[in-house]
Amino acid sequence: MLTRLGGRRSTACFSSLVPVTVGLLLARGSAAESPGYCKTHSCSTRSLRTSSKMASGGRTFTVEPKGQHTASLIFLHGLGDTGEGWSMSLGSMSTEHLRIVCPTAPTQSVTINMGMKMPSWFDIYGLGAQAKQDDEGVKKASEKLHEMIKDEEKRGVPRDRIIIGGFSQGGAVALHAGLTSASPLGGIVAFSTWLPMHQTIGSVATDAGRNIPVLQCHGARDPMVPIVVGQMTGSFLSSFVKKHELKVYPNMEHSSCPEELQYLESWLKNSVSHL
């Protein structure tokens, strides 16, 4: 059975902490992890622009601010998805000065899917709590995210006004990249996700990373990344991250909802002034 982890359609595991596997989660999901809710929203008040292909990656979808560009949000989709749906969803927020960047992961073979190629930030090897994890793939994806952060800095945006985030597989990358950041960022947004490499992250997390505010959101009815995984991730993060918040949405599955995005908008405005 094809395994997929995309925006609102499925995702991954928390390794040895719980007997949940990426493969099982994906097999339960639909075609990809992409946000279904966002497709009902209009971005008519903002400019949606599709950039050219990145090196070894897919198209990047950006939502330009209506006012002066003073802050940036870089958001990574889930397995098998693209950045388009999330750019539409996030573009519905009422932020005057925020540039939203939604890249598409490189198309690569996913081992658990019999080597089939699809957009993926890192590989998924197999089932079971003891299955091998693609640590190097997570690190490489984190490095690409740091390159995107530098691109926003070149546009004149200070690092402490750059927020990174993602859904499911993309959220896992954002957590790793943020916690290992050499200098402060404006925040980390982790939707319906888990903490990769949790057994070693405590030792490699930087002082700057520990001080970055983290917003974690999870659906209580998520069949792909069960709420227990989100709660364990939250408990682990709160043990060494100074500013961490976990929001649970009782009726949300492996997806997003209007309430989640409304809270995200409020959180962003509180974390980064003048958005």
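These numbers come from a predicted model, not from an experiment. (Residues numbered from 1 in each chain as written. Predicted model: local features only at pLDDT ≥ 70, side-chain atom pairs only at ≥ 80, totals over all residues. Heavy atoms only, no water.)

Focus: the nonpolar core
What tends to happen in soluble globular proteins is that the nonpolar side chains get buried as a cluster.
Here is step 1: With 35 residues, the main nonpolar core has I74, L145, I164, L179 and L237 as its most contacted residues.
Here is step 2: At the level of elements, β3 (71-76), α3 (135-154), β7 (162-167), α4 (169-179), β8 (187-191) and α7 (227-238) are the ones that each hand at least two residues to this core.
Here is step 3: Take this core: its biggest share by element is six residues, from α4.
Here is step 4: Other than its neighbours up to four places away in sequence, L237 contacts L175, L179, L195, V214, Q216 and H244. (Core = buried A, V, L, I, M, F, W, Y, C linked by side-chain atoms within 4.5 Å. Buried < 20%, exposed > 50% of the residue type's maximum accessible area, 1.4 Å probe, protein only. Helix = DSSP H or I, 4+ residues; strand = E, 2+ residues; numbered from the N terminus. Contact = heavy atoms within 4.5 Å.)

Considering α4
Here is step 1: Counting buried positions along α4 yields 11 of 11 residues, so the element is predominantly enclosed.
Here is step 2: For α4, the set of buried residues is Q169, G170, G171, A172, V173, A174, L175, H176, A177, G178 and L179.

Examining unusual backbone geometry
Here is step 1: The residue S168 is not glycine, and still its phi comes out positive at about 60°.
Here is step 2: Mapped onto the fold, S168 is located in the loop between β7 and α4.
Here is step 3: Its relative accessible area of 0% is what places S168 among the buried residues.
Here is step 4: At M197, a position not held by glycine, the phi torsion is positive, near 55°.
Here is step 5: Within the fold, M197 resides in the loop between β8 and α5 (198-204).
Here is step 6: Here M197 falls in the buried class, since its relative accessible area comes to 10%.

Things to note about the packing of aromatic side chains
The description of an aromatic ring pair uses the distance of the two centres, along with the angle that the planes make with each other.
Here is step 1: Tallied over the entire structure, the rule returns five aromatic pairs.
Here is step 2: Look at W86 and F167: their rings are 5.5 Å apart centre to centre, the planes differ by 35°, and that puts the pair in the tilted class. Residue W86 is located in helix α2 (residues 84-90), and its partner F167 is located in strand β7; the two are separated by 81 residues in the primary sequence. As far as the burial class goes, W86 and F167 line up, both buried.
Here is step 3: Over the ring of Y125 we find K132; its NZ or CZ atom is 4.7 Å from the centre of that ring.
Here is step 4: Between the NZ or CZ atom of K247 and the centre of the ring of Y263, over which it lies, the distance is 4.4 Å. (Phe/Tyr/Trp six-rings, centres within 6.5 Å; stacked < 30°, edge-to-face > 60°. Lys NZ or Arg CZ within 6 Å of the ring centre and 35° of its normal.)

A closer look at the pairing of strand β4 (residues 98-102)
Taken residue by residue, a regular strand's side chains alternate between the two faces of the sheet.
Here is step 1: For β4, the tally of buried residues reaches five of five residues, placing the bulk of the element in the interior.
Here is step 2: Of the two faces of β4, the one lined by L98, I100 and C102 and the one lined by R99 and V101 are each fully buried.
Here is step 3: Relative to β4, strand β2 (residues 61-64) is paired through three bridges, and the arrangement is antiparallel. By the bridge assignment, V63 is partnered in β4 with I100.
Here is step 4: As judged from the four bridges shared by β3 and β4, these two strands associate in the parallel manner. Within β4, the residue paired with A71 across the bridge is L98.
Here is step 5: Handedness of the crossover is the feature at issue here: the chain leaves β3, passes through α2, returns alongside β4, and the resulting connection is right-handed. (Pairing = 2+ DSSP bridges. Right-handed = clockwise from strand over helix to strand, strands pointing away.)

Some remarks on the environment of W194
Here is step 1: Relative to the elements of secondary structure, W194 occurs in the loop between β8 and α5.
Here is step 2: The class for W194 is buried, based on a relative accessible area of 3%.

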